[in-house]
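Results of the structural survey
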Amino acid sequence: HRSIKILVIRESKPPEKMTLPSSSSWKDTVNTLPDLLNEGNTKKISQCCAQLLSKKNGNGSSTDVDENEERLPSNLELVITKIHLRSLLQLGEYSTVLDHCRKNSSGSDPTLNQFAEEEAYALYRLKRYNACREFCENYGIDRKGGVNVSQRGLLHVYAQSLYRLGETRLADEMYRRLLLVGGSDEDEVHVDVDEREDSLSNALANRTANYTSGSLLVYGGERDSKCWLEEDSIILDLLREYSIGVTNDGEEKMDDEDEKVMLQNYDLAYNLATFLLVSSEARPPSVVKQAKELLIHAEKSALTILDTDSNENEESKDDENGGVDAETRKKLQQKKEKQLKQQKELAEQEAGPIRANLAFSNILLGGEENETEALKTYLTMVTKAAKSGKGASTIGTQANLLATASNNLAVLRDGKESVFDVLKRIPVTSSLSVSEDQNSGGGGGAATVPLVGATPQQVRTALFNRALQLAKMGNSNGCLETLGVLRASLLISSRGDGNCISGAASVSIGGGTASKKNSAKSKKKKGSGSTTAGGAGEDASGKGSSVENDDVPTAKPSSEMEAIAWNARADWLESELLRLSSQGSKP
């Protein structure tokens with residue numbers, strides 16, 4: 001089980017203090033804007049734009065300039081407003097952006113909204129995913145029709161909201177259309193490589209997050225063995241570059257090994273490798289080795305790319321300051337060391353999920369050496385979390401990483417340590433899932449590791465693993481209750497902006513499983529709570545166990561067929577439990 005990395009706008013570094021020149025004319029102020037944009041200081045850009053916009057109130061009259069001064073042209077005002085709003089987004093001022101957009105909305109016709117992308121992104125970052133989806137659809141994003149090229153930015157946000165809401169198949173279609181003009185398969189859009197790679201990376205993350213072992217996603221009523229993603233030229237080139245060759249001795253070998261060190265977009269390589277791993281049961285064995293090689297080079301790139309430019313800049317500054325006194329030089333050295341430490345910590349955070357998936361690839365490859373290597377990786381991750389004193393209190397991606405390592409460690413230790421100890425390693429799920437990024441607390445009985453920000457695939461895996469261990473312990477009630485939570489979770493795609501369940505007409509009980517090795521970490525790629533149940537409900541199959549809505553995590557599969565498969569697995573475990581219980585023996 002592995003967290004999916006999602007590409008987001010990187011937050012700007014803490015801005016330096018600034019003082020804008022006091023100008024009597026907006027022309028003097030606007031002339032400073034290009035230099036500020038080149039400098040990239042988000043805070044200064046925001047303040048400069050705010051100063052320009054303050055020279056004109058809502059009806060066009062000036063409040064702080066001379067009456068004879070030329071007014072700020074409306075077309076220039078629009079451009080400056082957009083720059084201002086985007087700088088505020090970079091600074092995390094999402095509510096401020098939302099308030100501004102709504103105060104300056106075009107009224108009843110949302111398609112006339114000149115700041116639609118900014119408003120949609122503010123809603124998204126405020127985690128108001130339902131509101132964001134509705135806003136995009138009201139603006140004119142059509143689920144089936146064409147997409148105007150000018151709507152590409154909005155479509156990016158729309159697709160991400162669908163992903164967060166667990167609407168896997170619709171999100172996949174939106175990502176596909178992002179690579180087309182007007183939503184037409186005949187017209188390929190010419191976008192820059194970075195944007196294209198980001199769209200592909202997010203599309204892979206979306207698929208991995210809700211993948212069901214045993215079936216690739218279904219489109220058009222037929223099972224696609226080769227989906228559109230794997231036919232994209234960038235993906236094909238990446239796969240070709242890391243293809244497995246065969247030596248004269250018949251041994252498998254990667255081609256041009258020394259040349260495949262730096263990956264400029266290691267997120268894409270990481271998400272591609274993860275998707276290959278979670279769907280490896282439908283692929284040739286060599287694909288696992290290919291995915292492992294991608295991850296190896298993604299890790300190298302993550303550890304080297306982050307600090308290159310900064311180190312060069314610091315060295316040039318040191319040269320410029322060659323004549324400074326000893327005290328100043330000492331302060332500069334301390335600053336450099338602090339920055340280097342921060343960069344190394346960031347690089348380690350980036351590399352953590354990659355290492356977790358490398359360990360998972362070793363589990364899939366099998367063999368004592370590979371499994372020992374995987375065991376060392378997971379033990380290191382769990383031990384580091386314990387030594388840091390954070391453990392289950394870790395938040396965000398790192399908490400999900402800890403839960404993944406703990407779950408997969410349980411897989412490796414199953415049969416080698418007591419069932420009770422294995423059970424404690426399996427993370428606890430809750431109603432927090434892919435749409436959340438926080439730790440709600442809660443211990444969940446014996447378990448001590450919460451499954452924070454879990455994807456649907458992770459939720460289903462953890463619940464089935466927990467039910468399986470409870471069955472091994474002979475805890476029939478606990479097993480049945482956990483299966484009840486699992487079945488109920490298959491009906492819920494998300495919890496809306498007001499914690500309202502979506503994707504289910506009623507919350508009751510109905511099925512699922514993951515094999516013991518179906519726990520790869522899947523961008524972006526992120527709760528906690530008890531799997532005990534209470535309440536009332538009954539599913540279509542007539543199962544009578546019931547759970548409270550608040551205790552149900554969101555894990556609806558991407559298709560009805562996959563939901564049926566999960567129900568069948570849960571039914572199998574339940575029937576096996578009842579059969580053995582009637583014989584007076586443990587599973």
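This text goes with the structure placed above it.
Keep in mind the model is a prediction, meaning the values are calculated, not measured.

**Let's talk about the packing of aromatic side chains**
Aromatic ring pairs are reported here in terms of the distance separating the ring centres and the angle at which the planes meet. Following the criterion strictly, the structure yields three aromatic pairs and no others. For the pair Tyr211 and Phe275, a centre-to-centre distance of 6.4 Å together with 90° between the ring planes defines the contact as edge-to-face. In this pair, Tyr211 sits in the loop between α10 (193-209) and β1 (218-219) while Phe275 sits in helix α12 (residues 266-278), placing the two residues 64 residues apart along the sequence. Directly above the aromatic system of Trp566 lies the positively charged group of Arg569, at a separation of 5.2 Å from the ring centroid.

**Focus: unusual backbone geometry**
Although it is not a glycine, Lys127 adopts a positive phi angle of roughly 65°. By secondary structure assignment, the location of Lys127 is in the loop between α6 (116-125) and α7 (129-139). A relative accessible area of 35% means that Lys127 is categorised as partly exposed.

**Observations concerning the pattern of salt bridges**
Per the stated rule, a full pass over the model turns up 21 salt bridges. Measuring nitrogen to oxygen at the nearest pair gives 3.2 Å for the salt bridge that ties Glu39 to Lys44. Residue class for Lys44 comes out buried when judged on its relative accessible area of 15%. Among the ionic pairs, Lys424 bridges to Asp421, the shortest N-O distance being 3.7 Å. Pair noted here: Lys424 and Asp421 are both in helix α18 (residues 419-425), with a separation of three residues, about one helical turn. Salt bridges sharing common partners tie together Lys82, Arg86, Glu117 and Glu118.

Calculation rules
- Sequence order as written defines residue numbering, which begins from 1 separately in each chain.
- Residue-level local features of this predicted model are given only where pLDDT is at least 70; pairs of side-chain atoms are given and counted only at 80 or more, and the full residue set underlies all totals for whole chains, interfaces and linings.
- No hydrogens and no water enter the side-chain calculation; it runs on all heavy atoms of the structure.
- Two rings from Phe, Tyr or Trp (for Trp, the six-membered ring) form a pair when their centres sit within 6.5 Å of each other. Planes less than 30 degrees apart are called stacked, planes more than 60 degrees apart edge-to-face, and all others tilted.
- Each helix is a run of H or I in the DSSP string that is no shorter than four residues. Each strand is a run of E no shorter than two, and both are numbered from the N terminus.
- Only when the NZ atom of a Lys or the CZ atom of an Arg is both within 6 Å of the ring centre and within 35 degrees of the ring normal do we say a charge sits over the ring.
- Throughout, exposure labels follow a simple rule: accessible area from a 1.4 Å probe, protein chains only, divided by the maximum for the residue type, with under 20% read as buried, over 50% as exposed, and the rest as partly exposed.
- The salt bridge criterion pairs a side-chain nitrogen of Lys or Arg with a carboxyl oxygen of Asp or Glu, the two atoms within 4 Å.

Any link to function would need more than the numbers given here.
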